[in-house]
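# Examining the three-dimensional arrangement
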Amino acid sequence: VGHCHPDIVKAAHEQNQLLNTNSRYLHDNLVDYAERLSKTLPEKLCIFYFLNSGSEANDLALRLARQYTKHEDVIVLDHAYHGHLTSLIDISPYKFRNLEGQKEWVHVAPVPDTYRGLYREDHEDSVTAYADEVKNIIEHAHKRGRKIAAFFAESLPSVGGQIIPPAGYFQKVAEHVHKAGGVFIADEIQVGFGRVGKHFWAFQLQGEDFIPDIVTMGKPIGNGHPLACVATTKEIAEAFAATGVEYFNTFGGNPVSCAIGLAVLDVIEKEHLQAHATEVGNFLMKILKEQQIKHPIIGDVRGCGLFIGVDLIKDQAE
């Protein structure tokens, strides 16, 4: 939406002058914002939890998954980063490999990278091959008496190298994960809110037939203001509520945050920012591909909308 966007500043200022309180007190902004956000998502993702950061959102997603499935284990993609809380460092290979290492309840699947990964563009069916890696992890975990609570992945792995998973990969993975009694969590914290241009959410790049069980949001949701969200299904939310331990977040979903969230959605719509991301992204990709022809150091140019990666290499063959 852009630095200090006047509409965002105005929305925050006006709401600050009226009321800001914790979310035990009811306020229309919370409901209005949840309704607006729900229109961007598939119908079954209709329950919203509001928080202050992407890390909080991912931590809650983990709790929801475990409560719903009554399982503990999590499958993540290699090189992933999901946040700075202890629970998330544990499911972030990007971090835990330099710290205390991998916990026994964490399983790491190869990132579905068709440029540098295990199965590349010349592979006859990289989608199935990468999904089968997840299937093998599940089978191996079951032999050890472990049970899968969730497959947890960014819709487009960002820290892992701006990877665009091949279409159909999430569908096949979800099939294996659901069969094992787990849920699929899509982390949209870096890639949601129209950044990919073609769609409002990056998981939609996989096709209309794919719907995650839980979606987490952060970063662009508040245009720099601390705001985050977890969207999930009624079934998962009800299992979570059944514990009798209510979810509460002092500042999550406060009136000022929700006013800002609404203003962000207004600006995205009013200024056609999704179309803008597509147009600018296509232009940038075209220019980068022209450079790729000239410079052997550029091995790969990939991207969608304003999510773009350039792979710099030493040797084309290797």
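Predicted model only: the values in this text are computed from it and were never measured. (Residues numbered from 1 in each chain as written. Predicted model: local features only at pLDDT ≥ 70, side-chain atom pairs only at ≥ 80, totals over all residues. Heavy atoms only, no water.)

## Here we look at the layout of surface pockets
Worth spelling out the cut-off: Cavities and pockets are defined on a 1 Å grid built over the protein atoms alone: a cavity is a set of grid points where a 1.4 Å probe fits but cannot escape, while a pocket is an open set with protein on both sides within 12 Å along at least five of seven lines, and lining residues are those with an atom within 4 Å of any such point. Grid points are joined across faces, edges and corners, and a volume is the space filled by probe spheres set on the points. Comment: elements are numbered from the N terminus, with helices defined as DSSP H or I runs of at least four residues and strands as E runs of at least two.
In this model, the largest pocket occupies a volume close to 440 Å³. S23, L30, F48, Y49 and Y247 are the residues nearest the centre of the largest pocket, which is lined by 16 residues in total. For the lining of the largest pocket, the elements supplying multiple residues, two or more each, are helix 2 (28-38) and strand 1 (47-51). When residues of the lining of the largest pocket are assigned to their parent elements, the largest contribution, four residues, is made by strand 1.

## Observations regarding the domain arrangement of the protein chain
Rules: For the domain bounds, the source is a domain assignment made automatically or taken from a database. Two residues qualify as a contact provided that any one of their heavy atoms is within 4.5 Å of a heavy atom in the partner residue. Here's the idea: put two parts together, see how much 1.4 Å probe accessible area each one loses, and the total over both is what we call buried area. Here, a salt bridge means any side-chain nitrogen of Lys or Arg that lies within 4 Å of a carboxyl oxygen of Asp or Glu. For this analysis, a polar contact is any N or O atom pair within 3.5 Å, provided that within protein one partner can donate a hydrogen and the other can accept it, and provided that sequence-adjacent residues contribute only side-chain to side-chain pairs. Note that Gly is not counted as nonpolar here; it falls among the polar residues with everything else outside the nonpolar set of Ala, Val, Leu, Ile, Met, Phe, Trp, Tyr, Cys and Pro and the charged set of Asp, Glu, Lys and Arg.
As assigned here, the protein chain comprises domain 1 (8-271) and domain 2 (276-312). Distance from the C-alpha centre of domain 1 to the C-alpha centre of domain 2: 26 Å. Each partner contributes residues to the interface: domain 1 has 16 residues there, and domain 2 has 14 residues. Approximately 1200 Å² of surface area, both sides summed, lies buried where domain 1 meets domain 2, with 59% of it carried by carbon and sulfur atoms. Run the count over domain 1 and domain 2 and you get one salt bridge. Residue D311 pairs with R116 through a salt bridge whose shortest N-O separation is 2.7 Å. The interface formed by domain 1 and domain 2 holds seven residue pairs in polar contact (both at pLDDT 80 or more) in total. Counted by class, the side of domain 1 that touches domain 2 contains eight nonpolar, five polar and three charged residues.

## A word on the nonpolar core
Using the following cut-off: We call a set of buried Ala, Val, Leu, Ile, Met, Phe, Trp, Tyr and Cys residues a nonpolar core when their side-chain atoms join them within 4.5 Å. Burial here depends on accessible area, computed with a 1.4 Å probe over protein chains only, as a share of the maximum for the residue type. Under 20% is buried, over 50% is exposed, and the range in between is partly exposed.
Membership of the largest hydrophobic core comes to 53 residues, with the highest contact counts inside it found for Y33, L37, V134, F151, Y169, F193 and M217. Examining the composition of this core, we find that nine residues originate from one element, helix 9 (residues 255-270), more than from any other. Apart from residues lying up to four places away in sequence, L37 is in contact with F48, F50, F193, M217, C229 and L265. Counting 25 residues, the second-largest nonpolar core is a separate cluster that includes L62, A150, A228 and F240.

## Here's the deal with unusual backbone geometry
The phi dihedral of Q162 is positive, around 55°, even though this residue is not glycine. One can find Q162 in the loop between strand 4 (148-154) and helix 7 (169-179). Overall, the relative accessible area of 18% leaves Q162 in the buried class. The phi dihedral of K219 is positive, around 40°, even though this residue is not glycine. With respect to the helices and strands, the residue K219 is situated in the loop between strand 6 (214-217) and strand 7 (228-232).

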